[in-house]
Amino acid sequence: MLSGAARAQDAAPPAPTTDPTQVRSGAYRLDSAHGKITWSLSHLGFSTYYGAITDVSAEATLDAKAPGSSRITVTIGTPSITGLNDKLDAHLKSPDFFDTPKFPTATFVSTSVEPTSPTTARVNGTLTLKGVTKPISFDATFNQAGLHPVDKLYTVGFDGRAVIKRSDFGITAYLPMVGDEVTLRLEGEFKAVP
């Protein structure tokens, strides 16, 4: 017979929850290996061009009882903005686009969170990009929360989507042939801060 302690030790961890009211409130940090932004825009009207932003860090404070009180701050390393093409990547770093030597980071700071359903919210805040600060919003969807099966850390997962105008931030090269509206797809796994 196994003792109670041995049985508890052998018991599987509880399954992740898809109920956001069961999320642990507190401080979280983005797992940078599982936090990415994919961007897309119209390319001359012929296609939709996709790229990625891979240097993303974020801190969040989640309040399961009052989700409107939750907050997030995101920092992006602009040299990591890639079009998955070496020649284009070099051009993206130039003053035509992100001027990364002069503006090596972009930041988003939330100002409010508006729940739009039990598992979705509109996150409002300010984006500072290429020295310009403007209000933007993104739609966030809660995926699940629980102990991660690999690292055994308490993890909360979200997806998100935003549409911004690059001209609002002084990035006007090749307008209107190359699209002004940029769609951002956001994915993130946040680890509870001990």
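You'll find the structure just up there.
Keep in mind that what you see is a predicted model, and the values were worked out from it rather than measured. (Residues numbered from 1 in each chain as written. Predicted model: local features only at pLDDT ≥ 70, side-chain atom pairs only at ≥ 80, totals over all residues. Heavy atoms only, no water.)

**Q** Quick question: what am I supposed to make of the overall build of the chain here?
**A** Along its length, the chain carries 2 helices and 10 strands. By principal-axis analysis of the C-alpha atoms, the chain measures approximately 75 × 35 × 30 Å. Counting only contacts in the chain whose residues sit at least 6 apart along the sequence, the fraction spanning at least 24 positions is 56%. Of the roughly 10,900 Å² of accessible surface on the chain, 59% is carried by carbon and sulfur atoms. (Helix = DSSP H or I, 4+ residues; strand = E, 2+ residues; numbered from the N terminus. Contact = heavy atoms within 4.5 Å. Areas by Shrake-Rupley, 256 points an atom, 1.4 Å probe, with all protein chains shown as cover.)

**Q** How should the pattern of salt bridges be read in this particular structure?
**A** Between side chains of opposite charge, a pair can form as their charged atoms come close. Considering all chains together, one arrives at 3 salt bridges under this definition. Note that Lys-191 is salt-bridged to Asp-151, the shortest N-O span being 2.8 Å. With Lys-191 in strand β10 (residues 181–192) and Asp-151 in the loop between β8 (132–147) and β9 (154–165), the pair connects residues that are 40 residues apart, well separated along the chain. Residue Lys-191 is classed as buried on the basis of its relative accessible area, which comes to 9%. (Salt bridge = Lys/Arg side-chain N within 4 Å of Asp/Glu carboxyl O. Buried < 20%, exposed > 50% of the residue type's maximum accessible area, 1.4 Å probe, protein only.)

**Q** Would you explain the side chain of Ser-80 in this entry?
**A** Tracing the backbone through its elements, the reader meets Ser-80 in the loop between β4 (71–77) and β5 (81–82). Among the polar contacts made by the side chain of Ser-80, one reaches the main-chain carbonyl oxygen of Gly-77 at a distance of 2.8 Å. Not counting the four nearest positions on each side in its chain, Ser-80 is found in contact with Ala-52, Ile-53, Thr-54 and Asp-55. (Polar contact = N/O pair within 3.5 Å; in protein donor to acceptor, adjacent residues only side chain to side chain.)

**Q** So what exactly am I meant to see when it comes to unusual backbone geometry here?
**A** Residue Pro-176 follows Leu-175 across a cis peptide bond; omega there is 0°. Of note, Pro-176 is situated in the loop between β9 and β10. Phi at Leu-44 is positive, roughly 60°, even though this residue is not glycine. Assignment of secondary structure puts Leu-44 in the loop between β1 (26–43) and β2 (47–53). Leu-44 sits in the partly exposed class, given a relative accessible area of 41%.

**Q** How should I be thinking about a nonpolar patch on the surface in this particular structure?
**A** Together, Leu-44, Phe-46, Tyr-174 and Met-177 give the surface a local cluster of nonpolar side chains, amounting to about 490 Å² of exposed area. Tracing the chain through its elements places Met-177 in the loop between β9 and β10. (Patch = residues over 30% accessible without salt bridge, like charges linked within 9 Å, V, L, I, M, F, W, Y side chains within 5 Å.)

**Q** Would you mind going over the packing of aromatic side chains with me for this structure?
**A** Working definition: an aromatic ring pair is given by the centre-to-centre distance plus the angle between the planes. Following the criterion strictly, the structure yields 6 aromatic pairs and no others. When the ring of Tyr-28 is compared with that of Tyr-154, the centres are 6.5 Å apart and the planes differ by 50°; the resulting orientation is tilted. One end of the pair, Tyr-28, is in strand β1; the other, Tyr-154, is in strand β9, and 126 residues separate them in sequence. Each member of the pair Tyr-28 and Tyr-154 is classed as buried. (Phe/Tyr/Trp six-rings, centres within 6.5 Å; stacked < 30°, edge-to-face > 60°.)

**Q** I tried to follow the pairing of strand β6 (residues 105–117) on my own but got confused; where do I start?
**A** It is a general feature of regular strands that their side chains alternate between the two faces of the sheet. Of the strand pairs in this sheet, β4 and β6 are connected by 5 bridges, and their pairing is antiparallel. Bridging across to β6, Gly-77 finds its partner in Thr-105. Between β6 and strand β7 (residues 120–129), which pair antiparallel one after the other, the connecting turn spans 2 residues. (Pairing = 2+ DSSP bridges.)

**Q** Explain the environment of Thr-120 to me, please; I cannot follow it from the model alone.
**A** Position of Thr-120 among the secondary structure elements: in strand β7. Look at Thr-120 and you get partly exposed, because its relative accessible area is 24%. Separated by 45 residues in the primary sequence, Thr-120 and Thr-75 place their C-alpha atoms 22 Å from one another. A distance of 2.6 Å separates the side chain of Thr-120 from the side chain of Thr-116, its partner in a polar contact. Among the polar contacts listed, one links the side chain of Thr-120 to the side chain of Ser-117, at a separation of 2.7 Å.

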